[in-house]
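# Structural description and commentary
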Amino acid sequence: MLHDPNRVYVFDTTLRDGEQVPGCQLTTPEKIEIARELEALGVDIIEAGFPISSPGDFQSVVEITKAVKHPTVCALTRCNKGDIDSAIEALKYAKHPRIHTGIGSSDMHIKHKFNSTRQEILERAVESVKYAKRAVEDIEFFAEDAGRADIEYLAQMVEAVIAAGATVVNIPDTNGYCLPDQYGSKIRFLKENVKNIDKAIIAVHCHNDLGLATANSIAGLQNGARQIEGTINGIGERAGNTSIEEVVMILKTHQNLGLHTNINTRNFYELSRMVSTQMRMPVQPNKAIVGSNAFAHSSGIHQDGFLKMRENYEIIKPEDVGFPSATIVLTARSGRHALKFHLERLGYKIDKEELAETYQRFLTLADSKLDISDEDLHSLAVTRLVKE
Ligand code: KIV
Ligand code: ZN
């Protein structure tokens with residue numbers, strides 16, 4: 001079968017980069033539950049863990065390989081034989097195993113993390129890919145801190161690891177440093193200057209330290225990357241990773257990008273809540289796509305426009321991401337249309353004059369109260385209106 005050049009592969013690292021966050025540690029059964037939901041969501045690759053890091057993580061990777069059928073299951077390693085042997089062992093039951101091995105690529109990491117040289121690091125990278133390749137066909141190489149790496153050296157590294165057998169080359173912006181055009185240009189440079197680049201898929205793996213993880217991931221895809229790595233709810237080290245739900249919905253909303261994934265977007269909301277509960281990590285109310293306010297309209301101007309035609313203020317249908325429904329929130333900033341909408345929802349008929357009078361009493365109440373409940377609306381209504 002011919003490879004579809006517009007297909008974007010979704011690599012979920014909620015159970016590895018996400019689970020590294022203090023307080024987010026999961027038990028093996030919890031990880032299995034999330035892995036099954038990730039499979040139902042349609043992710044292509046699940047990064048199940050870092051097997052050498054602890055016996056518990058090792059066992060979770062083993063159990064996840066047994067629990068899922070379709071996605072590739074991936075295990076993380078550093079560039080050394082012990083890590084790779086452990087990953088090979090943990091992946092032995094996987095139907096589609098992948099090893100994700102890599103090393104620092106920026107001068108900062110080479111000098112101040114590895115106390116090494118570019119040449120030595122390049123050799124370690126190549127050796128590790130070759131070592132892993134003896135046991136597993138699908139090898140992803142990550143060039144850690146690629147966002148700050150010298151582009152010529154990065155290109156040399158990418159070419160060498162592909163020649164050694166890497167099937168995917170991951171270009172992480174580990175520190176969330178890049179601007180979207182810088183990151184996009186990096187990917188474009190690799191696409192245009194690495195002579196064997198067509199033998200591998202380029203992956204984008206962005207962190208959110210400057211709030212640019214999603215924008216950078218999209219810039220990478222626009223410039224030729226075809227795998228996006230991220231987590232549900234954007235959880236991850238420090239300010240987090242790219243939110244998978246954001247990237248997928250951007251591709252769906254902006255069809256002119258011509259890129260598509262295999263994701264069942266209607267599963268997003270439920271999975272978001274499951275991850276939030278299990279990882280004890282609340283979702284901020286204004287989080288794009290899955291936050292509790294993502295489809296809540298509260299100002300009078302917006303509510304009026306929304307009630308006339310929802311597309312005035314809705315670029316994504318809540319049901320497309322499994323969100324219960326859009327809401328019109330009643331506050332002191334709401335207008336008459338919103339009040340009428342809610343009174344009618346509760347079964348009250350109302351004419352213009354009654355609405356004007358009830359609206360004044362509503363404003364007095366709303367100024368003194370954060371939430372206007374259905375109970376409040378009933379009391380406002382019964383003084384004047386006739387219930388149908
Ligand atoms: O952010 C990063 O560089 C990583 C690698 C281990 C892929 O998470
Ligand atoms: Zn990361």
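Figured I'd write up the structure that's included with this text. Not measured: the values here are computed from a predicted model. (Residues numbered from 1 in each chain as written. Chains lettered and ligands numbered in written order. Predicted model: local features only at pLDDT ≥ 70, side-chain atom pairs only at ≥ 80, totals over all residues. Heavy atoms only, no water.)

Two numbers describe how helix α13 (residues 336–345) lies on helix α15 (residues 374–382): the axes approach to 10 Å, and their chain directions differ by 95 degrees. With respect to α15, the axis of α13 lies roughly perpendicular. Every residue of α15 that contacts α13 at Leu-339, His-342, Leu-343 and Arg-345 is listed here: Asp-374, Leu-377 and Ala-381. Looking at side-chain class alone, the contact of α13 with α15 contains four nonpolar, one polar and two charged residues. (Axes fitted to C-alpha atoms, helices over the stretch in contact; angles between N-to-C directions. Helix = DSSP H or I, 4+ residues; strand = E, 2+ residues; numbered from the N terminus. Parallel < 35°, antiparallel > 145°, perpendicular 65-115°, else oblique. Contact = heavy atoms within 4.5 Å. Nonpolar A, V, L, I, M, F, W, Y, C, P; charged D, E, K, R; others polar.)

A general feature of soluble globular proteins is that nonpolar side chains tend to end up buried together. Ranked by size, the top nonpolar core spans 110 residues in total, and within it Leu-38, Phe-141, Met-157, Val-169, Ile-171 and Phe-268 carry the most contacts. When residues of this core are assigned to their parent elements, the largest contribution, eight residues, is made by helix α7 (residues 151–164). With sequence-adjacent residues up to four places away left out, Leu-38 is seen in contact with Asp-12, Leu-15, Val-43, Ile-46, Ile-232 and Leu-271. (Core = buried A, V, L, I, M, F, W, Y, C linked by side-chain atoms within 4.5 Å. Buried < 20%, exposed > 50% of the residue type's maximum accessible area, 1.4 Å probe, protein only.)

Close to ligand 1 lie Arg-16, Asp-17, Leu-76, His-100, Phe-142, Glu-144, Asn-170, Pro-172, Thr-174, His-205 and His-207, which account for all nearby residues. In this structure, an oxygen atom belonging to ligand 1 sits 3.0 Å away from a side-chain N or O atom of Arg-16. One of the side-chain N or O atoms of Asp-17 is found 3.1 Å from an oxygen atom in ligand 1. In the complex, the protein chains occlude 92% of the 260 Å² of accessible area that ligand 1 would expose alone. When residues of the shell around ligand 1 are traced back to their parent elements, those giving at least two are α1 (14–18), β5 (139–144) and β6 (168–173). Taken together, the residues of the shell around ligand 1 break down into three nonpolar, five polar and three charged. (Near = heavy atom within 4 Å. Polar contact = N/O pair within 3.5 Å; in protein donor to acceptor, adjacent residues only side chain to side chain. Areas by Shrake-Rupley, 256 points an atom, 1.4 Å probe, with all protein chains shown as cover.)

Any functional reading would require information beyond the geometric quantities listed.
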